[in-house]
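Secondary and tertiary structure notes
So you can see what is in the structure, the chains are spelled out below.
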Amino acid sequence: MSTAIPELTTMAIVLNEGLAEITLNRPERSNAINQAMWQELRMAFSWADENDEVRVVMLSGAGRNFCAGIDLAMLAGVAERVAHRDPARGREALRRVILDLQDCLSTIERCRKPVLAAIHGACIGGAIDLVSCCDMRYAAADVHFAVREIDVGMTADVGTLQRLPRLVADGIAREMAYTGRKVDGFEAKLIGLINQLFETPETLLDGVREIARTIAAKSPLAIRGSKEMLNYGRDHSVADGLNYVATWNASMLTSSDLEEAMTAMREKRPPSFSD
């Protein structure tokens, strides 16, 4: 895969000193996720995963809102896309569409590099599916979250109901899913949906960049291993996780990064790791 930054129509990407800033860039539509953006999310995060120069990713949204969820115009066109004279074949086609949309977002979770979401304004519907895939979430004080699928008569189907209960208490996740109510920044911090709350969108971006640069300065191999283990441990037993990390470190522990970290400590200087 080429390491050149992909040319996208719905997102902007900037790479600087190991930090890839991926910005949802449909501000006139509050960054609603249309068909092109779904596919470009997969392209952007596959690129970040494959590019050794990328050590950490920051995901943000241009304009007044982070993301208004799925573009309703796209949702309205799904029935036409899967229409078939045999209802069963039409339903199978719809299942494949849903699985593909799930995979577009799961690419974020599969990305070996940590992904930090910087969220301001509205983060609703499909946007919660999106940020739930990220490693960490940070928000500006003007943020509000809502699982809005219930208000359009559908069950959220691309990740919220699977990932949100692993971020917040089960009862809170159910309340959000059943009622569609807004959760403001203060409550989001209280329930553990976000790591930190910043006063403005500007201080949010600056703060998340600082955190991202701290991560980018660490051993890339150790960071990738940590993400692999955390994701695996979330979905498996403690015993399975311990067995996996033993196998992982049997291969990865004695790396050049370990040697450089120890040398830098002895020499009392910051370590310098290869990509």
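The shown structure was predicted, so the numbers you read here are calculated from the model rather than taken from an experiment. (Residues numbered from 1 in each chain as written. Predicted model: local features only at pLDDT ≥ 70, side-chain atom pairs only at ≥ 80, totals over all residues. Heavy atoms only, no water.)

With that settled, consider the packing of helix α1 (residues 35-50) against helix α3 (residues 87-110). The interhelical angle for the contact between α1 and α3, taken along N-to-C directions, is 25 degrees, at an axis separation of 8 Å. In terms of orientation, α1 lies roughly parallel with respect to α3. In this structure, α1 meets α3 at a crossing whose hand is left-handed. Within the contact between the two elements, α1 uses W38, Q39, L41, R42, F45, S46 and D49 and α3 uses D100, L101, D103, C104, L105, T107, I108 and R110. The residue inventory of the contact of α1 with α3, partitioned by class, reads seven nonpolar, three polar and five charged. (Axes fitted to C-alpha atoms, helices over the stretch in contact; angles between N-to-C directions. Helix = DSSP H or I, 4+ residues; strand = E, 2+ residues; numbered from the N terminus. Parallel < 35°, antiparallel > 145°, perpendicular 65-115°, else oblique. Left-handed = near helix turned anticlockwise from the far one by under 90°. Contact = heavy atoms within 4.5 Å. Nonpolar A, V, L, I, M, F, W, Y, C, P; charged D, E, K, R; others polar.)

Let us look at the pairing of strand β6 (residues 136-140). The element β6 is largely enclosed, with a buried count of five among its five residues. Burial of β6 is two-sided: the residues M136, Y138 and A140 facing one way and the residues R137 and A139 facing the other way are all buried. With three bridges joining them, β6 and strand β9 (residues 196-198) adopt parallel strand pairing. The residue bridging Y138 from the neighbouring strand is Q196, located in β9. (Buried < 20%, exposed > 50% of the residue type's maximum accessible area, 1.4 Å probe, protein only. Pairing = 2+ DSSP bridges.)

The next point concerns the packing of helix α9 (residues 220-235) against helix α10 (residues 238-252). When two helices pack together, their arrangement is given by the angle between the helix axes and by the axis-to-axis distance. Following both chains from N to C, one finds α9 and α10 inclined at 160 degrees, their axes separated by 10 Å at the closest point. When the axis of α9 is compared with that of α10, the two are roughly antiparallel. Taken as a pair, α9 and α10 cross one another with a handedness that is right-handed. In this structure, α9 contributes L221, G225, E228, M229 and Y232 to the contact, and α10 contributes D240, G241, Y244, V245, W248 and M252. Here the contact of α9 with α10 is composed, by residue class, of seven nonpolar, two polar and two charged.

What follows is about the nonpolar core. In terms of nonpolar packing, the biggest core is built from 52 residues, with L24, L41, F45, L59, F66, I119 and F145 touching the most fellow members. The element that contributes the greatest number of residues to this core is α1, accounting for seven residues. For F145, the residues in contact, after removing those within four places along its chain, are I119, C123, I128, R181, K182, V183, A188, L193 and I194. V56, L116, A118 and I215 belong to the second largest nonpolar core, which has 15 residues in total. (Core = buried A, V, L, I, M, F, W, Y, C linked by side-chain atoms within 4.5 Å.)

A separate point is the sheet that holds strand β3 (residues 56-61). Ordered by their spatial adjacency, six strands build an open sheet running β1-β2-β3-β4-β6-β9, and the pairing between neighbours is mixed. Two strands bound the open sheet, and with one partner strand each, they are β1 (11-16) and β9. Averaged over all pairs of adjacent strands, the angle between strand axes in this sheet comes to 20 degrees, irrespective of strand direction. Here three bridges tie β3 to strand β4 (residues 115-119), and the two strands are oriented parallel to one another. Along β4, the bridge assignment pairs L59 with A117. Against the sheet, α1 contacts β1, β2 (19-24), β3 and β4, and its axis sits at roughly 10 degrees relative to β1.

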